[in-house]
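A structural walkthrough
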Amino acid sequence: MVDMTENARAGQAGNKDAGEGHHHGVSFGEAFRVWLRVAALSFGGPAGQIAVMHRIIVDEKRWIGEHRFLHALNYCMLLPGPEAQQLAVYIGWLMHRTFGGLVAGVLFVLPGFLSILGLSYIYAAYGSIGIVAGLFFGLKAAVLAVVVQAVIRIGSRALRNRVMLAVAAAAFVAIFFFHVPFPLIVLVAGIIGFFGGRLGLDAFKAGGGHKAASGAVLSDAESALGEGIPAHARANLAWSLRISAILLALWLVPVAVLYTFFGPGDVFSQIGLFFSKMAVVTFGGAYAALAYVAQQAVQHFGWLKPGEMLDGLGMAETTPGPLIMVLQFVGFMAAFRNPGSLDPMLAATLAAILTTWVTFVPCFLWIFLGAPFIEKLRGNVALAGAMSVITAAVVGVILNLAIWFGLHTLFAEVAQVSFGNLRLDIPELRSAVPAAIVLSAAAAIALFRFKTSVIATLFGCAIAGMLWTLAMN
């Protein structure tokens, strides 16, 4: 009788327990097909991927309601890593327990992994040959416009007051002029935002996130899952610790083995350690991380040439899956050029798998560890403030990425000049590449003036790049 009374009170409070007897009616086979469809259509970066997921999961299939979808998304945005993939893991877990989350997350990544692996083979084998080089030349010019679009899109959402503008400006100065590490920028921004939010300052209040699709709003009660909490989704510390220990071992044991047996100088040890670190600090999406990755991969490790990072981003932009999949290309090329005793292609393939593994296993860890307790974070103003400031700092970091990419795309020669701790990349004006300037301008006009899709813009520039290369030869 006491239990019935407590359940009634919980229902009146709007936090009903779905209980063991609640059945949403969605079979695992149907869910598998739906997640495969979501993965195949997940182009256009996180905004496009989240829009596709919302349209299919909420509007079409009506699995979960609008409020639950946005609640899950908001907390995925607080985590490092690609929020769209983590959102798929979260919803898959809600619908079909741990295995459902694993399948949803793996399927979200798999099409992009296979696509970029195939393109990486072509790039490594034929990248310097005529038409292939022209294709990547065109992609590189278009991606520059896409990155600029990302700066404007994220900035318009994040920089809503002078404090956030100042944070973005400070982040840009720190990384562009003084090469301050991106993780340190994220840490400082998070601390500032945490305390600003905790103090209740208006400037640090969260300013919204991704917009859901327009139309009738599906309530949680009308969805297949209902408005209650599934029995398996209740907070269970023992389960969270157990699944987290397993995922932590799957993530870090391979890295520790590589480091122990091959040493810190081996390319596989470097890949495992570096991209494991990136998995912890990649707040704000792929664009935010790319500035730091590009600088380290080119200037510190020597894995890539400056323009090749744009080639990899072009691959990630034109294939399904998270944009952070570009890291797979970086790992591939790192081992291809430093294969040791292995065949270069074999070493590159193993490195691509390793990079993807250490990038995405942590995403499952964050969701499975925190998801059962995630309701406790609802309305936490300190965490909301931290996320707001981190997002503002990310705008400055992406602006740095746009300028860095632009210099190495539009000019054949870029010199680095140092003044004490101040370091500047200065282009050689005589080395300007007219074709790249024209293609980048055309891509910008297509995106901003005619609202052409990213995929169509990239495809058009790739064709133009190939035709230009053929004409020059």
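Everything discussed here concerns the structure shown above.
Notes on the structure in this doc start here. (Residues numbered from 1 in each chain as written. Predicted model: local features only at pLDDT ≥ 70, side-chain atom pairs only at ≥ 80, totals over all residues. Heavy atoms only, no water.)

**Notes on the side chain of Thr-349**
Convention followed: For helices the rule is a DSSP run of H or I covering at least 4 residues; for strands it is a run of E covering at least 2, with both sets numbered from the N terminus onward. Here's how the labels work: a residue is buried when its accessible area is under 20% of the maximum for its type, exposed when over 50%, partly exposed in between, all with a 1.4 Å probe on protein chains only. Polar contact criterion, stated in full: a pair of N or O atoms within 3.5 Å, where within protein one must be able to donate a hydrogen and the other to accept it, and residues adjacent in sequence count only if both atoms are side-chain atoms. For this analysis, residues touch if any pair of their heavy atoms sits within 4.5 Å.
Residue position: Thr-349 is located in helix H14 (residues 344-370). By relative accessible area, which is 17% here, Thr-349 ends up buried. Here Tyr-121 takes part through its side chain, which lies 2.7 Å from a polar atom of the side chain of Thr-349. Setting aside residues no more than four positions away along its own chain, Thr-349 makes contact with Tyr-121 and Phe-332.

**Focus: the nonpolar core**
Operational definition: Among buried residues, the Ala, Val, Leu, Ile, Met, Phe, Trp, Tyr and Cys ones that are joined through side-chain atoms within 4.5 Å form a nonpolar core.
One finds Trp-35, Met-53, Phe-275, Trp-303 and Phe-405 to be the most contacted residues of the largest nonpolar core, which totals 148 residues. When residues in this core are grouped by element, the largest group, 19 residues, is from helix H5 (residues 83-126). What Trp-303 contacts, discounting residues up to four positions off in sequence, is Val-267, Gln-270, Ile-271, Phe-274, Phe-275, Ala-297, Val-330, Met-333, Ala-334, Arg-337 and Asn-338.

**A look at the side chain of Glu-308**
By the secondary structure assignment, Glu-308 is in helix H12 (residues 308-317). Of note is the side chain of Glu-308, whose polar atom sits 2.6 Å from the side chain of Arg-337. The contacts of Glu-308, once residues within four sequence positions are left out, are Tyr-123, Phe-329 and Arg-337.

**A short note on the packing of H12 against helix H13 (residues 326-337)**
Under the convention used in this document: To get an axis, a line is fitted to the C-alpha atoms, and for a helix only the part in contact is used. The angle between two axes follows their N-to-C directions and goes from 0 to 180 degrees. Just so you know how the angles are binned, under 35 degrees is roughly parallel, over 145 roughly antiparallel, 65 to 115 roughly perpendicular, and the rest oblique. When the near helix sits turned anticlockwise from the far one by under a right angle, the crossing is termed left-handed; a clockwise turn instead gives a right-handed crossing. As a working rule, the residues Ala, Val, Leu, Ile, Met, Phe, Trp, Tyr, Cys and Pro are called nonpolar, Asp, Glu, Lys and Arg charged, and the rest polar, with Gly in that last group.
Where H12 contacts H13, the axes come no closer than 8 Å and their chain directions differ by 135 degrees. One finds that H12 runs oblique with respect to H13. The chirality of how H12 crosses H13 is right-handed. Where H12 abuts H13, its residues Glu-308, Met-309, Gly-312, Leu-313, Met-315 and Ala-316 lie against Val-326, Phe-329, Val-330 and Arg-337. In the contact of H12 with H13, the residues fall into seven nonpolar, one polar and two charged.

**Section: unusual backbone geometry**
A positive phi is found at Arg-62, a non-glycine position, where the angle reads about 60 degrees. On the secondary structure map, Arg-62 appears in the loop between helix H3 (45-60) and helix H4 (66-76). Assessed through its relative accessible area of 39%, Arg-62 is described here as partly exposed. Positive phi is not limited to glycine here, since Arg-97 has a value of about 65 degrees. Relative to the assigned elements, Arg-97 resides in helix H5. Of the residues examined, Arg-97 reaches a relative accessible area of 48% and is grouped as partly exposed.

**Here's the deal with the pattern of salt bridges**
The cut-off we apply is this: Within this document, salt bridges are pairs made up of a side-chain nitrogen of Lys or Arg and a carboxyl oxygen of Asp or Glu, the two lying within 4 Å of each other.
Within this structure, the stated rule accounts for three salt bridges. A salt bridge links Glu-60 to Arg-37; the nearest nitrogen and oxygen atoms lie 2.7 Å apart. On the criterion of sequence distance, the pair formed by Glu-60 in helix H3 and Arg-37 in helix H2 (residues 28-40) is long-range, its members being 23 residues apart. A relative accessible area of 31% means that Arg-37 is categorised as partly exposed.

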